[in-house]
Amino acid sequence: MTLRNGKEFLMIPGPTNVPEEVLRAIHRPAVDIYEGPLLETTGFCLHGLQRLFRTEGKTYIYSANGHGAWDAALCNTLKRGDKVLVLESGRFALGWGEAANVLDLDIEVLPGAWDKGVDPAHLQERLKQDTAHEIKAILVVQVDTASGVWNDIAALRKAIDTASHPALFMVDTIASLGCMPFEMDAWGVDVALTGSQKGLMCPPGLSFVAAGPKADKAHETAELRTNYTDWTFRQGPEHYQKYCGTPPEHLLFAFHKALDLIFEEGLEKTWHRHALLGEATRRAVAVWAEKGAVDFNITDAHARSNSVTVVRFNEGDVAALRTFTKEVCGVTIGGTIGELSGKGIRIAHMGHVNAVMLLGTLSAIELGFQKLGIPHGRGGVQAAMDYLAGAL
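Residues numbered from 1 in each chain as written. Predicted model: local features only at pLDDT ≥ 70, side-chain atom pairs only at ≥ 80, totals over all residues. Heavy atoms only, no water.

Enquirer: I'd like a description of the pairing of strand β13 (residues 331-335), backed by residues and values.
Expert: A large share of β13 lies buried, amounting to five of its five residues. One ladder, built from three bridges, connects strand β1 (residues 9-11) with β13; its direction is parallel. Bridge pairing in β13 places Phe-9 opposite Val-331. The sheet contact formed by β13 and strand β14 (residues 344-348) spans two bridges and is antiparallel. Bridge assignment links Gly-335 to a residue of β14, and that residue is Ile-345. (Buried < 20%, exposed > 50% of the residue type's maximum accessible area, 1.4 Å probe, protein only. Helix = DSSP H or I, 4+ residues; strand = E, 2+ residues; numbered from the N terminus. Pairing = 2+ DSSP bridges.)

Here you go:
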């Protein structure tokens with residue numbers, strides 16, 4: 001028997017749901033790339049990125065996924081052999097470090113754990129040891145979708161400043177921009193990057209980089225520039241230079257509309273919506289965890305993100321639960337990846353998502369627990385509703 005007929009929910013941490021308005025924006029003819037509406041679209045998107053990143057710095061658009069933005073950030077600021085410090089708290093800072101290694105950069109990992117955020121004191125201690133200032137860049141993710149962690153970027157910046165270290169501070173906001181507060185200039189971030197397919201509610205295929213003054217200065221002597229990623233070329237006078245060739249027109253139309261939706265809601269209100277949905281999810285998980293079969297992956301409540309919640313299983317069939325929610329209920333939830341692969345689920349609450357979608361997802365999971373005999377505290381969905389009722 002299936003209950004899935006009807007609108008299905010995609011509740012994975014990327015790609016996320018694309019609003020109908022964004023899909024309709026794509027459905028239009030191609031236009032001239034040298035004049036007219038596309039030039040306006042480019043200007044709007046580049047300025048919109050400044051508003052999203054909260055920066056006065058330069059912004060860049062790439063026809064690429066987030067890995068392309070990783071490369072762009074590194075190639076435009078560093079020299080071959082430079083030491084880069086990677087702050088571990090899950091899979092994706094490590095992945096960025098692996099990308100840096102391919103570029104012949106000298107990678108050092110500041111060891112961390114998959115159940116907590118980066119420790120600012122640990123970072124400060126390591127930077128104080130680097131009296132010769134061999135470390136040229138520090139790489140961290142604000143939210144890691146593999147672990148579900150949220151890293152306190154402002155606290156990490158304070159640690160860098162306390163250590164009086166000049167390294168470039170680079171932050172991946174792929175799973176957080178548009179979902180949680182990010183203040184590039186106020187927090188002293190030198191390079192920030194993101195992708196289109198998570199909180200920004202667009203199809204995969206675009207990535208974005210913002211560069212502050214310190215990054216601009218480093219760019220002057222960078223030795224890893226590539227033709228496609230080069231910021232100097234992309235600041236040229238011709239419109240096509242913004243994309244190093246033909247612009248990704250239809251993805252830009254989509255992004256323009258997505259920005260419209262975010263700014264119509266209000267960026268701070270968007271953050272607040274994600275905070276409400278994230279906490280509602282956590283209230284449900286806390287109740288489910290009472291029987292010991294499931295628990296939060298992130299042990300520090302302060303470090304749990306508002307865009308994705310990772311639930312670790314101590315007993316119960318993860319694959320069977322995900323199959324049940326998808327095939328019976330029409331709700332696709334994420335599986336865990338990296339060192340947590342097969343050990344739990346990832347519940348996304350990012351981007352184009354509302355209370356009905358979240359509560360429906362939590363209900364499908366709780367129904368699956370009951371149907372499959374997975375021990376859990378009863379009333380997780382009720383706890384989520386009680387929280388929302390009191391918070392509104």
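Enquirer: Describe helix α6 (residues 153-162), with residues and values.
Expert: When α6 is considered as a whole, its buried residues turn out to be Ile-153, Leu-156, Arg-157, Ala-159 and Ile-160. Buried residues along α6 cover an arc of 155 degrees about the axis, so they all sit on one side. In this structure, the buried residues of α6 make contact with β3 (83-87), α5 (120-129), β5 (135-141) and β8 (168-172). Downstream of α6 by a residue or two, Ser-164 has a phi angle that is positive, lying close to 55 degrees. (Arc of directions from axis to C-beta. Contact = heavy atoms within 4.5 Å.)

Enquirer: So what's going on with the sheet that holds β13? Which residues, and what values?
Expert: With respect to topology, five strands assemble into an open sheet ordered β1-β13-β14-β12-β11, the strand pairing being mixed. A single partner strand is all that each edge strand has here, and the edge strands are β1 and β11 (294-296). Mean inter-strand twist for the sheet, computed between neighbouring axes without regard to direction, equals 30 degrees. Each of β12 (308-313), β13 and β14 touches helix α11 (residues 318-328); the most contacted strand, β13, lies at about 155 degrees to it. (Axes fitted to C-alpha atoms, helices over the stretch in contact; angles between N-to-C directions.)

Enquirer: Can you tell me about the pattern of salt bridges, naming the residues and giving the values?
Expert: Under the definition given, this model contains 19 salt bridges. Here Asp-106 makes a salt bridge to Lys-83, at a shortest N to O gap of 3.3 Å. A residue pair is termed long-range when its members are at least 10 positions apart, and Asp-106 in strand β4 (residues 106-110) and Lys-83 in strand β3 qualify at 23 residues. Between Asp-190 and Arg-157 there is a salt bridge whose closest N-O contact spans 3.9 Å. Of this pair, Asp-190 sits in the loop between β8 and β9 (191-195) while Arg-157 sits in helix α6, and the two are 33 residues apart along the sequence. Under the relative-accessibility criterion, Asp-190 is labelled buried at 8%. Here Arg-157 falls in the buried class, since its relative accessible area comes to 10%. Salt bridges here are not isolated pairs; linked through shared partners, they connect Lys-83, Asp-106, Glu-108 and Arg-126. (Salt bridge = Lys/Arg side-chain N within 4 Å of Asp/Glu carboxyl O.)

Enquirer: Pulling in residues and values, what's your account of the packing of aromatic side chains?
Expert: Under the definition given, this model contains nine aromatic pairs. Centre to centre, the rings of Phe-208 and Phe-255 are 4.5 Å apart; their planes meet at 20 degrees, and the pair counts as stacked. Pair noted here: Phe-208 is in strand β10 (residues 206-211) and Phe-255 is in helix α9 (residues 249-265), with a separation of 47 residues, a long-range link. Of the residues examined, Phe-208 reaches a relative accessible area of 0% and is grouped as buried. Judged by its relative accessible area of 1%, Phe-255 is buried. A connected cluster of aromatic rings, assembled from ring pairs, spans Phe-53, Phe-182 and Trp-187. One cation-aromatic arrangement involves Arg-51 over Phe-263; the distance from NZ or CZ to the ring centre is 3.7 Å. Between Arg-234 and the ring centre of Tyr-228, over which it is positioned, the NZ or CZ distance is 4.6 Å. (Phe/Tyr/Trp six-rings, centres within 6.5 Å; stacked < 30°, edge-to-face > 60°. Lys NZ or Arg CZ within 6 Å of the ring centre and 35° of its normal.)

Purely geometric stuff here, so don't read any function into it on its own.
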